[in-house]
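# Working through the structure, step by step
Residue-level listing of the chains:
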Amino acid sequence: MESKYQNFKEFQSSGIVELNDEDFNAIRGYVYNTIGINITEEKRNLLQSRLQKILRSETFNTFQEYYEHLINDKTGTALSDLANNISTNYTYFYRENEHFDFFVETGLKEILRKKVNQKSNDLRFWTAGCSSGEEPYTIMMMMMEKMGDMYKKFDAGILATDISLKALETAKNGIYEADKLKRLPDGYAQKYFDKLDNNRFKIKDFVKKEVTFRRFNLMNDIFPFKKKFDAIFCRNVMIYFDNDTRATLVRKFYDFLEDGGYLFIGHSETIRRGIVDLKSIAPAIYRKEG
């Protein structure tokens, strides 16, 4: 790999650690096998750049040292930090609002109608790859707004999972800068948040307690859920996966969806035909037939 530095001493003085072929292949293989993200050769320089901060903060002299630490860490912290640095966790409330509008105006109505017919009060939703919590909290606020007092009659709640410990910590704290809230429908900020200061808002406890945050790796062979979900949101996560990994994950989602349940994915993502019996009913929205 060509370098703009003329010699190794100059390279060292720049503060940049070189990612050679062996280390690159080792790290990309570990990432693919553990969290499913496919780092192509085209993203090699980006990977090297993003991991420099970790190497400096942890005082690793080489990527080989970092890799050894990565594979030997049993706490999950190293993997979490790696995931933070190679993926984008930027999000905000009411992002891709067409999904939330469809959910409360169409999907939720159909789900509730089915529950009444079944004489069931069980409502289960999962946001997979919830990042810092804006997505599940948006869903919960809109459910409460739409259902009103009816919500209390259901055993309802949202499971929100992510592999990033940092993102989950933010989600559990429920404190967000004002910029994250500006796309919410009128009145939501006043009704569902407490204002801490001019730039920070905290989600109210009656919303927070309805969302359960857990660390979970979507590449796990076994999904430990006892019941199926009425809707699964996995948006802007599968863009990091190759076709085989994406297909495997979609099959698992299908298995854990109730008949008639909904799967929401990112607008830049697609599901290949024939993988499972999911019907496309709107952009990036699928329903399990049955």
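Structure first, text after, so check above.
Residues numbered from 1 in each chain as written. Predicted model: local features only at pLDDT ≥ 70, side-chain atom pairs only at ≥ 80, totals over all residues. Heavy atoms only, no water.

## Details of the overall build of the protein
The criterion, for reference: Under the DSSP-based scheme used, a helix requires at least four consecutive residues in state H or I and a strand at least two consecutive residues in state E, with every element numbered from the N terminus. The rule is simple: take the accessible area with a 1.4 Å probe, protein chains only, and divide by the maximum for that residue type; under 20% is buried, over 50% is exposed, in between is partly exposed. Whether two residues touch is decided by their heavy atoms; if any such pair falls within 4.5 Å, the residues are in contact. Using the Shrake-Rupley algorithm and a 1.4 Å probe, accessible areas are obtained, with residue cover drawn only from the displayed protein chains.
Along its length, the protein carries eleven helices and ten strands. Put simply, the protein has 290 residues, and 49% of those count as buried. Taking the contacts inside the protein whose residues are at least 6 apart along the sequence as the reference set, 72% of them involve residues at least 24 apart. In the structure as shown, the protein presents an accessible area of about 15,300 Å², 46% of it carried by carbon and sulfur atoms.

## Comments concerning the packing of aromatic side chains
Going by this rule: Two aromatic rings, drawn from Phe, Tyr or Trp (for Trp, its six-membered ring), form a pair once their centres lie within 6.5 Å of each other, and the interplanar angle then sorts them: stacked below 30 degrees, edge-to-face above 60, tilted otherwise. Working rule: Lys NZ or Arg CZ, within 6 Å of ring centre, within 35 degrees of ring normal, means a charge sits over the ring.
Within this structure, the stated rule accounts for 27 aromatic pairs. Seen in terms of ring centroids, Phe103 and Phe264 are 6.2 Å apart; in terms of plane orientation they differ by 80°. Their pairing is edge-to-face. Of the two residues, Phe103 is situated in helix H6 (residues 97-118) and Phe264 in strand S8 (residues 257-265); the sequence distance between them amounts to 161 residues. The class of Phe264 is buried, set by a relative accessible area of 0%. Here the aromatic residues Tyr94, Phe100, Phe102, Phe103, Phe125, Phe233, Tyr262 and Phe264 are joined through ring pairs into a cluster of three or more. Above the face of the Phe229 ring, Arg124 is positioned so that its terminal group lies 4.7 Å from the ring centre. Over the face of the ring belonging to Tyr92 we find Arg183, whose NZ or CZ atom lies 4.1 Å from the ring centre.

## Here's the deal with helix H5 (residues 77-86)
Along H5, eight of the ten residues are buried, which leaves the element largely enclosed by surrounding structure. Those residues of H5 lying buried are Ala78, Leu79, Ser80, Leu82, Ala83, Asn84, Asn85 and Ile86. Residues of H5 that are buried make contact with helix H2 (21-35), helix H3 (44-57), helix H4 (63-72), helix H8 (165-173) and strand S6 (211-215).

## Some thoughts on the environment of Gln52
Relative to the assigned elements, Gln52 resides in helix H3. For Gln52, a relative accessible area of 5% puts it in the buried group. Along the backbone, Gln52 and Asn85 are 33 residues apart, and their C-alpha atoms lie at a distance of 9.9 Å.

## Side note on the sheet that holds strand S5 (residues 200-203)
To keep things clear, this is the line we draw: The pairing criterion is simple: DSSP has to find at least two bridges between the two strands. Lines fitted to C-alpha atoms define the axes here, with helix axes fitted over just the stretch in contact, and angles between the N-to-C directions of these axes take values from 0 to 180 degrees.
Pairing within the open sheet is antiparallel, and its three strands lie in the order S3-S5-S4. Two strands bound the open sheet, and with one partner strand each, they are strand S3 (175-177) and strand S4 (193-195). Across the sheet, the mean angle from the axis of one strand to that of its neighbour is 35°, orientation sign disregarded. In terms of strand pairing, S4 meets S5 through three bridges, oriented antiparallel. When the sheet's bridge partners are listed, Phe193 is paired in S5 with Ile203.

## Thoughts on the environment of Arg272
Position of Arg272 among the secondary structure elements: in the loop between S8 and strand S9 (278-282). Residue Arg272 is classed as partly exposed on the basis of its relative accessible area, which comes to 43%. Measuring from C-alpha to C-alpha, the distance between Arg272 and Asn243 comes to 8.5 Å, with 29 residues separating the pair along the chain. When sequence neighbours within four positions are dropped, the list of residues in contact with Arg272 reads Asn243, Asp244 and Ala247.

## Brief notes about the nonpolar core
So the rule is basically this: In this description, a nonpolar core means a group of buried Ala, Val, Leu, Ile, Met, Phe, Trp, Tyr and Cys residues linked to one another through side-chain atoms lying within 4.5 Å.
Core analysis: the largest hydrophobic core is formed by 52 residues, its most contacted members being Tyr66, Trp126, Leu218, Phe223, Phe253, Leu263 and Leu278. Contributions of two or more residues to this core are made by H2, H3, H4, H5, strand S1 (122-128), strand S7 (229-234), helix H11 (243-255) and S8. Dropping the residues within four chain positions of it, Trp126 is found in contact with Leu159, Thr161, Phe216, Leu218, Phe223, Phe225, Phe229, Ala231, Ile232, Phe233 and Phe253. The next biggest cluster of nonpolar side chains, apart from the first, holds 45 residues, and it includes Phe102, Met147, Ala160 and Phe213.

## Details of the sheet that holds S6
On the basis of which strands lie adjacent, the open sheet formed by seven strands has the order S6-S2-S1-S7-S8-S10-S9 and mixed pairing. Unpaired on one side and paired on the other, S6 and S9 mark the two borders of the sheet. Going across the sheet, the axis of each strand differs from the next one's by a mean of 20°, ignoring polarity. Inspection of the sheet shows S7 paired to S8 by five bridges, in the parallel sense. The residue bridging Ile232 from the neighbouring strand is Leu263, located in S8. Relative to S8, H6 is tilted by about 175°, and along the sheet it contacts S1, S7, S8, S9 and strand S10 (285-288).

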